[in-house]
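Each chain, written out:
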Amino acid sequence: MEQVLAGFIDVFTVVNILYIALGITMGIFVGAVPGLNGPMAIAIAVPLTFFLSPLAAITFLVGILKGSRYGGSISAILLNTPGDPEAAATCFDGYPLARQGKAGKALKMALYASVFGDTFSDLVLIMVAAPIALIALKMGPPEITAVIIFALTIIASVSGGSLLKGLIAAAFGIFINCVGLDPVTATPRLCMGFIELQDGIPLMAIGIGMLALSEVIIQIEEHAITPEESISLGKKTKREDQTLSFHEFKGCLKTILRSSVIGTGVGALPGLGATIAAFLGYGAAKRASKTPEKFGKGTLEGVAAAEAANNAVVGANLIPLFTLGIPGNVAAAILIGAFMIHGVIPGPLMFQEHGRLIYGIYGALLVANCLNLVIGSFGLRFFARVIQIRKQIIYPVIIIFCITGAYMADNSLFAVALMIIFAILGYFMKKLDFSFVTFIIGFVLGPILELSLRQTLILSKNNPMMLLNRPVSLAFLILTAFSIWKLGFRQKKSG
Amino acid sequence: MRRADIVTAAILFVAGLLTVFVIIPLQTTAGERYGLPPAFFPTCSMAAATAFSLLLLLRSLVQSRGDAVLPASLTSRSWLHIGSVSALLFLCLGVIKYLGFIVGGILMVASFMIYMRERRLVTISLVSIITPTSIYFILWNFLRILLP
């Protein structure tokens, strides 16, 4: 209890509150620009957190993630172009509402639903993470090996269009992580004569390259010559069309709650992500509605359903990260890098070794939601203007931020060159529909998988059958085989 | 996409075999001191990637017989784009290495703005000069990080 109180009190320092607010503002800004997204901003911002306390660093990054999820809805509503894929379902009703002159109303509903969904999933995280971590602490190397293989299979199967391509990406990510010194014998592996590679390939070079720079390269290619038609928050429209009444919010409360539950459930499972949650939430709201014919033509319920669901993923995504050390999505994978920079290894042991930090993060998540509400409400007009900044200015500026971030992560131009190489690789992976998410998560989980597998084999005197002799690991391996069969069969049927 | 899948899977399969049988043995120490040899895990992961590539190749070959070939995801325009962007990035990285971050950064921002068909000289000059210069000075004055 003492740790809980101390952790929550830690959040309420001016510095921490300022960093959370800065993170949210940056997040909304980045989220509002089509083509830019939260994980991309987190990857670039991680090197900036070297100089912060662990709590300030993590809350700053989580602030970016929370802000970006709401920011994505701004361009979805005003431009009919989602700021990130998670906001795609928001376009269905957000843009028609904006065309009816109700952009302000739609944006406010998006904000309130986002904050509600986010808070709901944070509360679930706070309630369930510690008990799950207690169970996870009882797992040995064979169980951890089986859980990681299962998680990678699930992520590989749902992150892209093809299970096989996902598995190739995961295996390749694990292989790339082998570059550097062997963790047991400390002999160089796959360094190709480069001394710089003996420390391994920096996560930030891969993160910034694949998440940010490759996306910018694609956006530059797709950069439409025809300008997007933006709807501004008009002054000529009626006042009631720009505000959201309590009655209207109350009317959508049931939908918001349903979507929050869906988003939290989806977020707790590795790999599924906010886009799936948003579409599931939207679909469920449409099925439950008495007026489903209004969906797609501009109903507030549609905006509320999509936004509550995609934001409810944020907190829930941290459940597998905090309890098992397994990142549920690519943002969580980058967060692992941030944790490690500050000497914290995510997983069940974190509750024993860094209890105060965990409760500090919990407090910060809740504070971030309040700040998201305040900043989102007061900055609405400003953020609505952000989408009008021309891409010819934004993308070159982001490229120079990528170069700076990669340099800061390793203090060398070698890391920048690696970042460019991974950006090119990311470009091809995206074009050929190989999941870069699975690649990055495979890269992050590689060392844990290698260590647990080697420990298992040492314990069993090089007998891999030990994985099948322990009930929990056997259960997870059966689940893995079942998932491959089931998901592979489904993909085969769908062509 | 299926033609691209066949080519990609074939390249990955050949590259995987090359890695497993040539690169890994050459680039890792073979000796087993305690537990498993250092080459064990890279070999396992690359062998898995190679096996999955072979499966992808076989599946794409079987599927492509009956179905229409989907439009290519990598067109000649894509190759030209990624080639130009990569060349530009590495060129600017070279300039950063030899002439410093500010000069290289200005060149990088300006060249990408021109590449994106920005034609207003004042905008190009202002954005390309202000961005790298302010990043350099903010990092040095507030975080004591010296960029090259």
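None of these values were measured; they are calculated from a predicted model. (Residues numbered from 1 in each chain as written. Chains lettered and ligands numbered in written order. Predicted model: local features only at pLDDT ≥ 70, side-chain atom pairs only at ≥ 80, totals over all residues. Heavy atoms only, no water.)

A. The pattern of salt bridges, seen in detail. Under the defined criterion, the tally for this structure stands at 14 salt bridges over all chains. Measuring nitrogen to oxygen at the nearest pair gives 2.6 Å for the salt bridge that ties A:Arg390 to B:Glu118. Placement of A:Arg390 in the loop between helix 18 (380–386) and helix 19 (391–410) and of B:Glu118 in the loop between helix 4 (101–115) and helix 5 (121–143) is noted, with the two residues assigned to different chains. Using a relative accessible area of 2% as the deciding quantity, one classes B:Glu118 as buried. A network of salt bridges, in which partner residues are shared, links A:Asp182, A:Arg189, A:Glu450 and A:Arg454. (Salt bridge = Lys/Arg side-chain N within 4 Å of Asp/Glu carboxyl O. Helix = DSSP H or I, 4+ residues; strand = E, 2+ residues; numbered from the N terminus. Buried < 20%, exposed > 50% of the residue type's maximum accessible area, 1.4 Å probe, protein only.)

B. Region of the structure containing unusual backbone geometry. Residues and elements named next belong to chain A. Its identity as a non-glycine residue notwithstanding, Met192 has a phi of 55°, on the positive side. By the element assignment, Met192 lies in the loop between strand 2 (188–189) and helix 9 (203–222). Taking the relative accessible area as the measure of exposure, Met192 reaches 43% and is therefore partly exposed.

C. The domain arrangement of chain B, seen in detail. Domain assignment breaks chain B into domain 1 (1–68) and domain 2 (75–148). Once you take the C-alpha centre of each, domain 1 of chain B and domain 2 of chain B turn out to be 37 Å apart. (Domains from an automatic or database assignment.)

D. Molecular detail of the environment of B:Gly100. Residues and elements named next belong to chain B. Along the chain, Gly100 falls in the loop between helix 3 (76–99) and helix 4. In this structure the C-alpha to C-alpha distance between Gly100 and Val20, which are 80 residues apart in sequence, comes to 40 Å. Excluding its chain neighbours within four sequence positions, the residues that come into contact with Gly100 are Val95 and Pro148. (Contact = heavy atoms within 4.5 Å.)

E. A look at the packing of helix 2 (residues 14–32) of chain A against helix 4 (residues 54–79) of chain A. All names here are of chain A. Closest axis-to-axis distance for the helix 2/helix 4 pair is 6 Å, and the angle between their directions is 30°. Comparing their axes, helix 4 and helix 2 come out roughly parallel. The chirality of how helix 2 crosses helix 4 is right-handed. For the contact of helix 2 with helix 4, the residue count by class is 13 nonpolar, eleven polar and no charged. (Axes fitted to C-alpha atoms, helices over the stretch in contact; angles between N-to-C directions. Parallel < 35°, antiparallel > 145°, perpendicular 65-115°, else oblique. Left-handed = near helix turned anticlockwise from the far one by under 90°. Nonpolar A, V, L, I, M, F, W, Y, C, P; charged D, E, K, R; others polar.)

F. View of the interface of chain A and chain B. Across the boundary between the two partners, chain A contributes 63 residues, which contact 66 residues of chain B. Interface area, chain A with chain B, both sides summed: about 5,700 Å², of which 79% is carbon and sulfur. Counting across the chain A and chain B interface gives two salt bridges. In this assembly, chain A and chain B are joined by eight residue pairs in polar contact (both at pLDDT 80 or more). A total of 13 residues in the side of chain A that touches chain B trace back to one element, the largest contributor, which is helix 19 of chain A. In terms of residue class, the side of chain A that touches chain B is built from 43 nonpolar, ten polar and ten charged. (Buried area = accessible area lost by both parts, 1.4 Å probe. Polar contact = N/O pair within 3.5 Å; in protein donor to acceptor, adjacent residues only side chain to side chain.)

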